[in-house]
Amino acid sequence: MTTQRDNSSVVRRSLLGVLPVVALGACRSDVPPASPPAPVAAGGGRPLHGGAGPDGVRQAGVDRPAQPQAHAVVSVYDLPPEAGSARVAAAALGEAVLELTGSRAGAALGVEAGDLTVTVGLGPRMVGAAGRGLPGGLDLPAFAREERTARTWGGDLLVQVCASDPVALALADTRLAGVLAAEGVSGRWSQAGFRPPGGGPVRNLLGFPDGIENPRTRPELDREVWLDGPGPLAGGTVAVVRRLRIDVTGFLAQSASRQEEAIGRRKADGAPLSGGAASARLDLLAKTARGGYLVPAMAHARRANPNATGSGRMLRRGYSYRNGPEDQGLLFLSFQRRLRTFTATQRRLDDGDDLMRFVTATASGAFFVPRASTPERPFGSGLLGEQG
Ligand code: HEM
């Protein structure tokens, strides 16, 4: 699945004025495994749909399943400018997500839904209307090496669909795009991505294991990814999505040792250049006999390390994408409690990073992913619902 879609059709429907009762990609268990998870089963994987618990659940597609499904499509849309129409569109989206992730998903899709998840977020314009200081209420600032276009920067609505079965994914994404188009929602951009099969960190298009250093345990995820406390933000998280084109040919033209110095980990198994097992953290202080850092100063993993950025940790859940030899790279997806975790890290990478020299952002956005909905708390309640 390497397609790229632009969708700008605009159709109107009558106002309903209420939001739907939905459980957006909710999972049965809220507790991820503490260690790298087993691969998703072949043949579509374990069903992930389920109802909300008594105190609500977090949306699926963030830390559940712990091993991301093999296929994803991320789409960004603009909601209609009028608040009432935006609520109607959200209602229709919620109904469709409920159908696609509920117990009758197979009937709705015409194929087994398997481990299909749908994760939905609201952009800064929508969240900012409820309070500018809220997580997800701010746009990303400008960073280095960006090719900005009006269509691929920002947006009101994030729809991330993931599945082991690419056909189930395509059918679900097509359904959601159609529902939104019928509600006057304009498509901005869409990108399909893929991950190699297997458990634990998988290789990216540069051939390096990716996703090694990530929050994984329940306490880590609670601390770094999910918002708590009372109010509409609890159970939510902040998502950043960036389509990062990589000059793969240029990077791979370097010697193998130079590539490893640019990343800070070994290509064969992902082990840190400072030593230890593949799963080990970097030792930023480790030095050679001659006094140089074992993990070079401009190595990507060093630059992005939270001890160097002074920020929290992010959950990276990216996918490779390939629209052809000239447009391939990483569909970067990260989830964190606050936007600053991403911005502080990206700024540090902008100041110097031997991997980022080969990377250009061609699409970008930040979104608030609210908690999964329940009958008492419909999608966007406390945020979208307060817009008049
Ligand atoms: C095309 C772009 C990128 C590629 C190919 C890439 C690849 C990698 C690789 C191979 C690692 C080491 C293995 C691992 O721990 O997962 C890594 C680590 C990491 N990357 Fe990236 N990355 C990219 C962009 C970014 C961006 C944009 C950010 C955030 C602004 C980021 C944040 C991180 C973090 C936080 C780590 C872990 C650092 C640590 O060891 O503490 N990466 N990345």
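Residues numbered from 1 in each chain as written. Predicted model: local features only at pLDDT ≥ 70, side-chain atom pairs only at ≥ 80, totals over all residues.

## Considerations on the overall build of the chain
Line of reasoning, step 1. Counting secondary structure elements, the chain contains ten helices and twelve strands.
Line of reasoning, step 2. Long-range pairs, those at least 24 residues apart, make up 79% of the contacts in the chain between residues at least 6 apart in sequence. (Helix = DSSP H or I, 4+ residues; strand = E, 2+ residues; numbered from the N terminus. Contact = placed C-beta atoms within 7 Å.)

## Some points on the environment of Y77
Line of reasoning, step 1. When you line up the elements, Y77 lands in strand β2 (residues 71-78).
Line of reasoning, step 2. Look at Y77 and you get buried, because 25 C-beta atoms sit within 10 Å.
Line of reasoning, step 3. The spacing of Y77 and G123 is 46 residues in sequence and 9.3 Å in space, taken between C-alpha atoms.
Line of reasoning, step 4. Setting aside chain neighbours within four positions, we find Y77 in contact with G155, D156, L157, V159, L180, V185, S186, G187 and R188. (Buried ≥ 20, exposed ≤ 12 C-beta atoms within 10 Å, placed from the backbone.)

## Description of the site of the ligand
Line of reasoning, step 1. Neighbouring residues of the ligand: 28 residues in total, closest I212, E213, A304, N305 and L330.
Line of reasoning, step 2. Elements that contribute at least two residues to the shell around the ligand include exactly β8 (237-246), α8 (300-304), β11 (328-336) and α10 (339-350).
Line of reasoning, step 3. Per-element tally for the shell around the ligand: the top contributor is α10, with four residues.
Line of reasoning, step 4. Looking at the shell around the ligand residue by residue, the class counts come to 16 nonpolar, eight polar and four charged. (Near = placed C-beta within 6 Å. Nonpolar A, V, L, I, M, F, W, Y, C, P; charged D, E, K, R; others polar.)

## Examining the nonpolar core
Line of reasoning, step 1. A89, L93, L100, V161, A172 and A239 are the most contacted members of the largest nonpolar core, which has 89 residues in total.
Line of reasoning, step 2. Tallying contributions element by element places helix α1 (residues 83-101) first for this core, with eleven residues.
Line of reasoning, step 3. In contact with A89, other than residues within four places in its own chain, are L79, P80, L180, E183, G184 and V185. (Core = buried A, V, L, I, M, F, W, Y, C linked by C-beta atoms within 7 Å.)

## Looking at the packing of α1 against helix α4 (residues 166-182)
Line of reasoning, step 1. Look at α1 against α4: their axes get within 9 Å of each other, and the N-to-C directions meet at 160°. Taken together, the axis directions place α1 and α4 in an arrangement best described as roughly antiparallel. Judged by the twist between their axes, the crossing of α1 over α4 is right-handed. Residues A89, A92, L93, A96 and L100 of α1 form the contact with α4, whose own contacting residues are A172, R175, L176, V179 and L180.
Line of reasoning, step 2. Counted by class, the contact of α1 with α4 contains nine nonpolar, no polar and one charged residues. (Axes fitted to C-alpha atoms, helices over the stretch in contact; angles between N-to-C directions. Parallel < 35°, antiparallel > 145°, perpendicular 65-115°, else oblique. Left-handed = near helix turned anticlockwise from the far one by under 90°.)

## Digging into the environment of L285
Line of reasoning, step 1. Residue position: L285 is located in the loop between α7 (256-263) and α8.
Line of reasoning, step 2. The spacing of L285 and S274 is eleven residues in sequence and 8.5 Å in space, taken between C-alpha atoms.

## Things to note about α4
Owing to its 3.6 residues per turn, the α-helix aligns residues three or four sequence positions apart on the same side.
Line of reasoning, step 1. For α4, with 17 residues, the first-to-last C-alpha span of 24 Å sits near the 24 Å given by 1.5 Å per residue.
Line of reasoning, step 2. All of the buried residues in α4 are A168, L169, L171, A172, D173, L176, A177, V179 and L180.
Line of reasoning, step 3. Here the buried face of α4 lies against β2, α1, α2 (105-109), β3 (117-122), β4 (157-163) and β5 (186-194).
Line of reasoning, step 4. Following α4 by one or two positions, G184 adopts a phi angle in the positive range, close to 80°. (Expected span 1.5 Å × (residues − 1).)

## A word on α10
Line of reasoning, step 1. Taking 1.5 Å per residue, twelve residues should reach 16 Å; α10 reaches 17 Å between its end C-alpha atoms and fits that length.
Line of reasoning, step 2. Every buried residue of α10 is listed here: L339, T341, F342, T345 and Q346. Down the axis of α10, the smallest arc covering the buried residues is 160°, so these residues share one side.
Line of reasoning, step 3. Of the surrounding elements, those touching the buried residues of α10 are β8, α8, α9 (306-309), β11 and β12 (359-369).
Line of reasoning, step 4. Just beyond α10, the residue with positive phi is G352, at close to 150°. (Arc of directions from axis to C-beta.)

## Focus on unusual backbone geometry
Line of reasoning, step 1. For the bond running from R64 to P65, omega is -5°, close enough to zero to count as cis.
Line of reasoning, step 2. Mapped onto the elements of the fold, P65 is located in the loop between β1 (4-5) and β2.

## Quick notes on the pairing of β8
Line of reasoning, step 1. For β8, the tally of buried residues reaches nine of ten residues, placing the bulk of the element in the interior.
Line of reasoning, step 2. Across ten bridges, the pairing between β8 and β12 is antiparallel. Looking at β12, one finds that R243 is bridged to A363.
Line of reasoning, step 3. Where β8 meets β11, eight bridges bridge the pair, whose relative direction is antiparallel. Following the sheet pairing, R243 is matched in β11 by L331. (Pairing = 2+ DSSP bridges.)

## Focus: the confidence of the model for the chain
Line of reasoning, step 1. Here the chain averages 84 in pLDDT, while 83% of its residues score no lower than 70.
Line of reasoning, step 2. For the stretch residues 1-56, pLDDT sits under 50, and the model shows 159 contacts to residues farther than four places along the chain or on other chains. (pLDDT = per-residue confidence, 0-100.)

## Concerning the pairing of β2
Two faces belong to every sheet, and in a regular strand the side chains alternate between them.
Line of reasoning, step 1. Across the eight residues of β2, eight count as buried, placing the element largely inside the fold.
Line of reasoning, step 2. Along β2, one buried face is formed by H71, V73, S75 and Y77 and the opposite face, lined by A72, V74, V76 and D78, is buried too.
Line of reasoning, step 3. Two elements, β2 and β4, share seven bridges in a ladder whose sense is antiparallel. Paired with Y77 across the bridge in β4 is L157.

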